[in-house]
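Fold and geometry: a report
Next come the chains, spelled out residue by residue.
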Amino acid sequence: MEKLPPEVAKGIHVPSYNELLERVGRRLTERKGGKKAKALDRELARLQAMRDILISRTDFIRDLVRLLDSMHPFYWSLVEIEFNRDDVRKAVSCVSKARKMTDRMYEKYRILMLASESPKELASVAREARGRILSLYKRCSKGLELLRQLVVFIQKLPGIDASMPTVIVAGPPSSGKSTFVRSVSRARPKVAEYPFTTKEIHVGHFSEGGRTVQVIDTPGILDRDIDSMNEIERKAAAALSHLPGAVLFLLDPSTSAYMSLERQARLLAGTVIPLVKDKTVYVAVNKADISPKKSLEKAAEAARRLEAENDRVIYIGFMVAASKESAVKVLSQIIKSEFGS
Ligand SMILES: Nc1nc2c(ncn2[C@@H]2O[C@H](COP(=O)(O)OP(=O)(O)OP(=O)(O)O)[C@@H](O)[C@H]2O)c(=O)[nH]1
Ligand SMILES: [Mg+2]
C-alpha cells in the first residue's frame, strides 16, 4: 500500500539555518590532519566538508518535493487552510537553488584555491567561498522555518487512505457525528453536548464481511458558502469535496438541536450538496431516542423532500448514533448500497 503523507513526513527532518551553521562551524573547527597538513590541502578538505554537510543536511528537500507532488488534493486543501501554497513553492525553490549553487561555487572556489599564489590569497579565497556558500542558505532562513512548520503540520494530519472505501460523516454542530464514529469504530473523537466540539478530522475503521471502510468524523458546519467558512468548517469542506466515497448527513430533530430543521435542510441542499459533487449523500435522522415525535416526523418529511429534489440524496431513516446497534445498522446499509454487499 502506498504510504500516507503523515507517515512519509515522519521521516523528514528540516534543519533551521542556525542548525546548518552550527554543523558547518563544528566541522570547520576540527583540526583534521593537524598542523602538518599543507594549508592548501586543509582548505580544500574544509571546503569539501562544508559542501557535503550542506548538501546532505538539505537532502530532505527531495523527499519533501516528492511528497508534495504526490499529495492527495484532500491533504492539500487541509494544508492550504494554514499555509500559502505560493510561499511553500518559493521556500522549496530557495533551498533547491541553494543546493545547485553550492555545487557550482564549490567547483569554482576549488579551482581558485588551487590557483592561489600565496597563503594570504588562499586564506582570503577560502573565507570568501565560505561566506558566499553560507549566504545561499541564510537567504532561505525563513523558507526553512516555513518548511519545518509544514512538515510538522503534515505529520499531524489524519492518516486517510483515499483508495479505501470511505464514509464521510457530516452535518450540523452537535448532531451526533462523533458519537456515530465512536459507535462504529475504535476511534475516540471527543463527544460533548456543546456545539463545535470536533475541530479536526478523525478517522475510524469499520470491518464487515472482510471489507474495511474508513469512517471520517468531521467538524460541524453552518449553512454558508465556503468563502465564509472558518478554518474549522473548512476542514469538513475539504473532506466533503476531495475525498472519494459516500457521505452520511445527520439531521438533529432534538429539542437541543443547534439549528432549526429548516436550516439543517438548507445546510444539506445549499452547502453540502454543492461541495460533494457526485458523491451520494445518505441522510439519517439522529437522536430518535430523545426527540419529540412531532419533530421526528418533521425531520423525516424534510429528508424525503430532499431526496425527491436531489438525485444524489438517499433517506435512510431514524437512528440513535449513541446505540452501537443502530449506528452499525445504518453504516451497513450505506456500505451495501454504496460498495456492494
Ligand atoms: N440521546 C442521544 N444523544 C445523542 C445521540 N447522538 C449524539 N448525542 C448527544 O449529542 C451531543 C453531541 O454529540 P456529538 O457526537 O459530540 O455531536 P457532533 O455532531 O460530533 O458535534 P460537533 O463535533 O460539535 O459538531 C452529545 O451530548 C451526545 O451524547 C443519540 O443518538 N441519542
Ligand atoms: Mg464531533
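Bear in mind the structure is a predicted one, so any value in this text is a computation, not a measurement. (Residues numbered from 1 in each chain as written. Chains lettered and ligands numbered in written order. Predicted model: local features only at pLDDT ≥ 70, side-chain atom pairs only at ≥ 80, totals over all residues.)

Another aspect to go through is the overall build of the protein. Summing up its helical and strand segments, the protein has 13 helices and 6 strands in all. Taking 2.2 N^0.38 as the reference for a compact globule, 341 residues should give roughly 20 Å; the C-alpha atoms of the protein span a radius of gyration of 28 Å, well beyond that estimate. Projected onto its principal axes, the C-alpha coordinates of the protein cover approximately 95 × 40 × 35 Å. The buried share of the protein, taken over its 341 residues, is 38%. (Helix = DSSP H or I, 4+ residues; strand = E, 2+ residues; numbered from the N terminus. Rg over C-alpha atoms; globule rule 2.2 N^0.38 Å. Buried ≥ 20, exposed ≤ 12 C-beta atoms within 10 Å, placed from the backbone.)

What follows concerns the domain arrangement of the protein. Here the protein is partitioned into domain 1 (5-155) and domain 2 (166-339). Taking only C-alpha atoms into account, the centre of domain 1 sits 48 Å from that of domain 2. On the domain 2 side, the residues contacting the 5 residues of domain 1 number 7 residues. Within the side of domain 1 that touches domain 2, the residues separate by chemical class into 4 nonpolar, 1 polar and no charged. (Domains from an automatic or database assignment. Contact = placed C-beta atoms within 7 Å. Nonpolar A, V, L, I, M, F, W, Y, C, P; charged D, E, K, R; others polar.)

Where helix α2 (residues 17-29) meets helix α7 (residues 119-138), the closest approach of the two axes is 9 Å, and the angle between their N-to-C directions is 155°. Here α2 is positioned roughly antiparallel relative to α7, judged by the angle of their axes. Of the two possible hands of crossing, α2 and α7 adopt the one that is right-handed. Between α2 and α7, the contacting residues are Tyr17, Leu20, Leu21 and Val24 on the first element and Leu134, Tyr137 and Lys138 on the second. Looking at side-chain class alone, the contact of α2 with α7 contains 6 nonpolar, no polar and 1 charged residues. (Axes fitted to C-alpha atoms, helices over the stretch in contact; angles between N-to-C directions. Parallel < 35°, antiparallel > 145°, perpendicular 65-115°, else oblique. Left-handed = near helix turned anticlockwise from the far one by under 90°.)

Next up on the list: the environment of Glu22. Looking at the element boundaries, Glu22 is found in helix α2. Remark: the alpha-carbon pair of Glu22 and Ser260, spanning 238 residues in sequence, is separated by 60 Å.

Further remarks concern helix α4 (residues 60-70). Along α4, the positions that sit buried rather than exposed are Phe60, Ile61, Leu64 and Leu67. Here the buried residues of α4 occupy an arc of 125° about the axis, which is enough to place them on one side. What points out from α4, more than 90 degrees from its buried face, is the exposed set Arg62, Arg66, Asp69 and Ser70. The inward-facing, buried residues of α4 abut α1 (5-10), α6 (85-115) and α8 (141-155). (Arc of directions from axis to C-beta.)

Turning next to the nonpolar core. Formed by 56 residues in total, the largest nonpolar core has its most connected members in Leu240, Val247, Leu248, Phe249, Val272, Val281 and Val283. When residues in this core are grouped by element, the largest group, 7 residues, is from helix α11 (residues 261-276). With residues up to four places along the chain from it excluded, the contact list for Phe249 reads Ala170, Gly171, Leu268, Val272, Val281, Tyr282 and Val283. Of all hydrophobic cores here, the second largest spans 30 residues; its members include Ile12, Val14, Cys94 and Val95. (Core = buried A, V, L, I, M, F, W, Y, C linked by C-beta atoms within 7 Å.)

We now examine the site of ligand 1. Near ligand 1 there are 23 residues, and of these Gly176, Ser178, Thr179, Thr198 and Gly220 occur at the shortest range. Its residues placed into classes, the shell around ligand 1 shows 10 nonpolar, 9 polar and 4 charged. (Near = placed C-beta within 6 Å.)

To continue, consider the pairing of strand β6 (residues 313-318). Here 5 bridges tie strand β5 (residues 281-285) to β6, and the two strands are oriented parallel to one another. Looking at the pairing, Val285 lines up with Phe318 of β6. A crossover links β5 with its parallel partner β6, the connecting element being helix α12 (residues 293-309), and its sense is right-handed. (Pairing = 2+ DSSP bridges. Right-handed = clockwise from strand over helix to strand, strands pointing away.)

What follows covers the packing of α11 against α12. Taken N-terminus to C-terminus, the directions of α11 and α12 make an angle of 25°; their axes are 10 Å apart at the nearest point. As the angle between them shows, α11 and α12 are arranged roughly parallel. By crossing handedness, the relation of α11 to α12 is classed as right-handed. Residues Leu261, Ala265, Leu268 and Ala269 of α11 pack against Lys298, Ala299, Ala302 and Leu306 of α12.

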